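An overview of the molecular structure
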Protein chains: 2
Amino acid sequence: MPEVIPDDSVGLVTPQTFHCDTPLTLRSGRVLSQYDLVYETYGELNASKTNAILICHALSGDQHAAGYNSMDDSKPGWWDNAIGPGKPIDTTRFFVVALNNLGGCSGSTGPTSINPDTGKPYGPDFPIVAVRDWVSSQAELADHLGIQRWAAVVGGSLGGMQVLRWSIQFPQRIANAVVVASAPKLSAQNIAFNEVARQAIAKDPDFHDGNYLEHGTIPKVGLTQARMLGHLTYLSEDAMRQKFGRDLREGKLNYSFAPEFQVESYLHYQGEKFSTRFDANTYMLMTKALDYFDPSADYDHDLVKCLSNAQCKFLLVSFTTDWRFSPARSKEIVNALMEADKDVSYACIDSDGGHDAFLLDNPRYHAVLSAFMNRIANRLEAQA
Amino acid sequence: MPEVIPDDSVGLVTPQTFHCDTPLTLRSGRVLSQYDLVYETYGELNASKTNAILICHALSGDQHAAGYNSMDDSKPGWWDNAIGPGKPIDTTRFFVVALNNLGGCSGSTGPTSINPDTGKPYGPDFPIVAVRDWVSSQAELADHLGIQRWAAVVGGSLGGMQVLRWSIQFPQRIANAVVVASAPKLSAQNIAFNEVARQAIAKDPDFHDGNYLEHGTIPKVGLTQARMLGHLTYLSEDAMRQKFGRDLREGKLNYSFAPEFQVESYLHYQGEKFSTRFDANTYMLMTKALDYFDPSADYDHDLVKCLSNAQCKFLLVSFTTDWRFSPARSKEIVNALMEADKDVSYACIDSDGGHDAFLLDNPRYHAVLSAFMNRIANRLEAQA
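Residues numbered from 1 in each chain as written. Chains lettered and ligands numbered in written order. Predicted model: local features only at pLDDT ≥ 70, side-chain atom pairs only at ≥ 80, totals over all residues. Heavy atoms only, no water.

1. Some words on the overall build of chain A
A count of helical and extended segments in chain A gives eleven helices and 14 strands. Taken against the 2.2 N^0.38 rule, which gives 21 Å for 384 residues, the C-alpha radius of gyration of chain A at 21 Å falls within 12% of a compact globule. When each of the 384 residues of chain A is scored for burial, the buried share is 61%. Sequence-distant contacts in chain A: of pairs separated by 6 or more residues, those separated by 24 or more amount to 72%. (Helix = DSSP H or I, 4+ residues; strand = E, 2+ residues; numbered from the N terminus. Rg over C-alpha atoms; globule rule 2.2 N^0.38 Å. Buried < 20%, exposed > 50% of the residue type's maximum accessible area, 1.4 Å probe, protein only. Contact = heavy atoms within 4.5 Å.)

Below, the structure is given as structure tokens:
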């Protein structure tokens, strides 16, 4: 727990709930007649409501992006290094909104929520949501907050896909787009990794076709395996070599099937920790949203055409050792934006952090992000 | 089935069994008092017994490297494109020996064999074997066949590790070493992938801690998942993109958790096919042998020192898109061999085949292999 909350923290924050009664027709054709979105805000909305930043989370993120929910918290929100007073997303200048997406498991309506039609948890009956559905629901939240246009929408990985989607779906409502460590669509390899992870969950006998809550079980083994695999692919091979190499747990080989190498123990620990905090149906949904994302599909698979109506400025960031969403995938977006004559900046950051680098405090990454965000704030304050 | 056996095939072959009564003390300290090795041979041993080639198999290989075991076989052995009359490993010039390694599941003594001490299958009690144990048992087979010195030992991936080990363990008994798509030891990332695959098997309720035969079950789900993950990592991202891209099974998205993309179906098919032919305990053992392999550990972790007593000529081959055992890993071996003043040739082959490229018929790969093998045959025939 933080004995003293640091000066550059947003401090103690309390999640809020937006209840939306406007039915949402999903990409799949199914309809959510009502839903809750849980969100946090940091900083203050200016009088003209022009300084709002939306933070979109990735696979396993939530609304708690910065600060502390209680003095008992052992650590701050998941992107605390980038959001706060004087930080790249400076809460003395911006009003920051972070939410838990539909289908999540941190308070927004999702598989663990009660289905108002049945009085029981949705479980596997919760509809599969697409990135566009998240963006639609985020627009409802913006309306609720009185935000006509985001100063910026910001996200990494699956979060970056939401940002791209905002620029296409609501071009008038987003002034700047920050797309970090993302891709215009998953590759066959990406989809394959997701399917292996889903299989680990789906084939866990405690999963019960997603009805585990009814059975009083949790597919802990499957979730652990899915996370072990996911986590492994978020790290760079270099970082794993430096951090673990071939170090042994007990200094010698035991010739048994228990974990012998440090890297094995580490992955088990990460997998098990995740399995106690995350919902399996949500994990399944989130990976499906990743697989399905392909905005160019509606534009003859032409990414240039797809992005041609975007009106915002773009910042794209990738990381050298990210092999899940490699720099080449960001460059596909950059090239399409250039060809569509959009205003785009791009930085490929030297980092050994792999895909996880988008969450880490890398000086050049944060300098690039700060510069882009500060120019936005400067323009806003000059207009004021 | 082959209607007519092609002219460049070794034809119909019958596996043979070598029963060894010399106890083998394993790396783990445990002792196998006796064991069988199943092997096939192609071509004819010359009078001086100098033209013998040993083929070492990889994780899921076996003794059936070339030709057909029956006219009903739907396809030939696993390396038929490289072994046969006029092929890179030319059976008109060489006598080729291919075996199933100890711990395997194709007839050599392994977890599915009867433990003579108990009268029941070894199951999980079969000792964990190391690459050096395989090489020791292969030397017994060489003695049995009257082969004092192999003209070459050849292997890819885990097979290449056996070749390296031969050059260190029996420097007098190997004239040439062909090490394809291999590594001097696994990286932390390699080990992590293996552990995720092992967990899929170990946590399958049908695994019963390895005693599935006694329970009348097979951990089919776990084996399928392990193979899906393995297979995925053997392919290059490029090849997956070309072969599957984002092609859908049914031409449209169904918004369900059943496989929707072709790449998912393909992996399911590969995984399920493997699960019906391979033994789970063998899979566990083989991945452990991979993890443990690190011959330099006995030489102060100095690969140059480790290889300094080798006396053979070396050919190293790697493939550009192999990310499981990348060209950089082969170069570590090449550099150590150069520094140890050994005779080494190295070719990095342009291929989109990923790690699996070592099994494929790539013209430059086969030209390099042919040239190296033909020089060996020419030298032997000049001495005759």
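What follows continues from the structure just given.
2. Quick word on the pairing of strand β11 (residues 152–156) of chain B
Along a regular strand, successive side chains alternate from one face of the sheet to the other. Residues and elements named next belong to chain B. With respect to burial, β11 is a largely interior element, five of its five residues being buried. By the alternation rule, side chains of β11 split into Ala152, Val154 and Gly156 and Val153 and Gly155, which are all buried. Across four bridges, the pairing between strand β5 (residues 52–56) and β11 is parallel. By the bridge assignment for β11, Ile55 is matched with Val154. Two strands pair when backbone bridges link them, and β11 and strand β12 (residues 176–180) are joined in this way by four bridges, in the parallel orientation. (Pairing = 2+ DSSP bridges.)

3. A look at the sheet that holds β11 of chain B
Residue and element names in this part refer to chain B. Overall, mixed pairing links the eight strands, which are arranged β1-β4-β8-β5-β11-β12-β13-β14 in an open sheet. Either end of the sheet is taken by a strand with one partner, and the two such strands are β1 (16–20) and β14 (344–349). Taking each pair of neighbouring strands and ignoring which way they run, the sheet shows an average axis angle of 20°. In this structure, β5 lies alongside strand β8 (residues 95–99), joined through four bridges in parallel fashion. The residue bridging Ile55 from the neighbouring strand is Ala98, located in β8. Here helix α2 (residues 158–169) sits on the sheet in contact with β5, β11, β12 and β13 (313–319), set at roughly 150° to β11. (Axes fitted to C-alpha atoms, helices over the stretch in contact; angles between N-to-C directions.)

4. Regarding the sheet that holds strand β13 (residues 313–319) of chain A
Residues and elements named next belong to chain A. Strands sit in the order β1-β4-β8-β5-β11-β12-β13-β14 across an open sheet of eight strands; the sheet is mixed. Two strands bound the open sheet, and with one partner strand each, they are β1 (16–20) and β14 (344–349). Each strand of the sheet is rotated relative to its neighbour by a mean of 20°, with strand direction disregarded. In the sheet, strand β4 (residues 35–42) pairs with strand β8 (residues 95–99) via four bridges, with the strands oriented antiparallel. Among the inter-strand pairings, Tyr42 is bridged to a residue of β8, identified as Val96. Helix α10 (residues 327–339) contacts β13 and β14 of the sheet and is inclined by roughly 160° relative to β13. Of the strands in this sheet, β5 (52–56), β11 (152–156), β12 (176–180), β13 and β14 touch helix α11 (residues 363–383), which is tilted by about 170° from β13.

5. Description of the interface of chain B and chain A
Buried accessible area, meaning the area lost when the parts come together, often serves as the stated size of an interface. In this assembly, 49 residues from chain B lie in contact with 49 residues from chain A. Approximately 4,600 Å² of surface area, both sides summed, lies buried where chain B meets chain A, with 67% of it carried by carbon and sulfur atoms. On the chain B side of the interface with chain A, the three residues burying the most area are Arg246, Tyr255 and Phe257 of chain B, jointly 19% of the side's total. In this structure, the connection of chain B to chain A is made through six salt bridges. (Buried area = accessible area lost by both parts, 1.4 Å probe. Salt bridge = Lys/Arg side-chain N within 4 Å of Asp/Glu carboxyl O.)

6. Re the pairing of β5 of chain B
With five of its five residues buried, β5 of chain B lies for the most part within the structure. Burial along β5 of chain B is two-sided: Ala52, Leu54 and Cys56 of chain B and Ile53 and Ile55 of chain B, pointing in opposite directions, are all buried.

7. Thoughts on empty space enclosed by the protein
The tally for this structure, following the rule as stated, stands at three cavities of 30 Å³ or more. There is about 70 Å³ of room inside the largest cavity. Taken together, Val196, Ala197, Ala200, Gln225 and Leu229 of chain A together with Val196, Ala197, Ala200, Gln225, Ala226 and Leu229 of chain B make up the full set of residues lining the largest cavity. Of all the elements in the fold, those that place two or more residues in the lining of the largest cavity are α3 (188–202) and α5 (220–234) of chain A together with α3 (188–202) and α5 (220–234) of chain B. A class-by-class count of the residues in the lining of the largest cavity yields nine nonpolar, two polar and no charged. In this model, the second largest cavity occupies a volume close to 40 Å³. What lines the second largest cavity is simply Phe193, Asn194, Ala197, Ala226, Leu229, Gly230, Tyr234, Tyr283 and Arg324 of chain B. Residue assignment for the lining of the second largest cavity shows that the elements contributing at least two residues are α3 and α5 of chain B. The leading source of residues in the lining of the second largest cavity is α5 of chain B, at four residues. Residues of the lining of the second largest cavity, tallied by class, amount to six nonpolar, two polar and one charged. (1 Å grid on protein atoms, 1.4 Å probe; cavity = no way out; pocket = protein on both sides within 12 Å on 5 of 7 lines; lining within 4 Å. Points joined across faces, edges and corners; volume = space filled by probe spheres on them. Nonpolar A, V, L, I, M, F, W, Y, C, P; charged D, E, K, R; others polar.)

8. Observations regarding α2 of chain B
Residue and element names in this part refer to chain B. When the terminal C-alpha atoms of α2 are compared, their 16 Å separation across twelve residues agrees well with the 16 Å that a helix rising 1.5 Å per residue should span. Most of α2 sits out of view: eleven of its twelve residues are buried. Among the residues making up α2, those that are buried are Leu158, Gly159, Gly160, Met161, Gln162, Val163, Leu164, Arg165, Trp166, Ser167 and Ile168. (Expected span 1.5 Å × (residues − 1).)

9. Observations regarding the relation of the copies chain B and chain A
Under the fitted operation, chain B is carried onto chain A by 0.0 Å of movement along the axis and a turn of 180°, and the coordinates agree to an RMSD of 0.0 Å. A rotation of that kind, with that shift, is consistent with a two-fold axis. The C-alpha atom lying nearest the rotation axis in chain B is that of Ala200 of chain B; the distance is 3.6 Å. With an isologous cut-off of 70% or more, the 100% of interface residues of chain B that recur at the interface of chain A puts this contact in the isologous class. (Least-squares fit on C-alpha atoms with pLDDT ≥ 70 in both.)

10. A few points about the environment of Phe358 of chain A
Residue and element names in this part refer to chain A. With respect to the helices, strands and loops of the structure, Phe358 is situated in the loop between β14 and α11. The class for Phe358 is buried, based on a relative accessible area of 7%. Sequence-wise, Phe358 and Gly77 are 281 residues apart; in three dimensions their C-alpha atoms are separated by 14 Å. Once you skip the residues sitting within four places of it in the chain, Phe358 turns out to touch Ala58, Trp79, Gly156, Ser157, Val180, Ala181, Phe319 and Tyr365.

11. Focus: the environment of His64 of chain A
All names here are of chain A. Inspection of the secondary structure puts His64 in the loop between β5 and β6 (83–84). You can call His64 buried: its relative accessible area is 12%. Separated by 177 residues in the primary sequence, His64 and Arg241 place their C-alpha atoms 31 Å from one another. When sequence neighbours within four positions are dropped, the list of residues in contact with His64 reads Val13, Glu40, Tyr42, Asn69, Asp73, Pro76, Gly77 and Trp78.

12. Comments concerning the nonpolar core
Formed by 252 residues in total, the largest nonpolar core has its most connected members in Ile53 and Met373 of chain A together with Ile53 and Met373 of chain B. Not counting the four nearest positions on each side in its chain, Met373 of chain B is found in contact with Ile53, Pro88, Ile89, Phe94, Ala152 and Val178 of chain B. (Core = buried A, V, L, I, M, F, W, Y, C linked by side-chain atoms within 4.5 Å.)

13. Here we look at the packing of helix α1 (residues 131–145) of chain A against helix α2 (residues 158–169) of chain A
Pairs of packed helices are described in terms of their axes, by the angle between the two and the distance that separates them. Residue and element names in this part refer to chain A. In the contact formed by α1 and α2, the axes pass within 9 Å of each other and the chain directions differ by 70°. For the element pair α1 / α2, the angle class is roughly perpendicular. The way α1 lies across α2 gives a crossing that is right-handed. Seen from α1, the contacting residues are Val131, Arg132, Trp134, Val135, Ser136, Gln138 and Ala139; seen from α2, they are Leu158, Met161, Gln162, Arg165, Trp166 and Gln169. Its residues placed into classes, the contact of α1 with α2 shows seven nonpolar, four polar and two charged. (Parallel < 35°, antiparallel > 145°, perpendicular 65-115°, else oblique. Left-handed = near helix turned anticlockwise from the far one by under 90°.)

14. Concerning the packing of aromatic side chains
Counted under the stated rule, the structure contains 26 aromatic pairs over all chains. Seen from their ring centres, Tyr122 of chain B and Phe126 of chain B are 5.0 Å apart, and the 85° between their planes marks the pair as edge-to-face. Both rings, one in Phe319 of chain B and one in Tyr365 of chain B, keep their centres 4.9 Å apart while their planes meet at 85°; by these two values the pair is edge-to-face. On the criterion of sequence distance, the pair formed by Phe319 of chain B in strand β13 and Tyr365 of chain B in helix α11 (residues 363–383) is long-range, its members being 46 residues apart. Across the pair, Tyr365 of chain B and Phe319 of chain B agree in class, each one buried. Members of the aromatic cluster, each reached through a chain of ring pairs, are Phe193 and Trp323 of chain A together with Phe193 and Trp323 of chain B. Sitting over the ring of Phe274 of chain A, Arg227 of chain A keeps its end group 4.2 Å from the ring centre. (Phe/Tyr/Trp six-rings, centres within 6.5 Å; stacked < 30°, edge-to-face > 60°. Lys NZ or Arg CZ within 6 Å of the ring centre and 35° of its normal.)

Any functional reading would require information beyond the geometric quantities listed.
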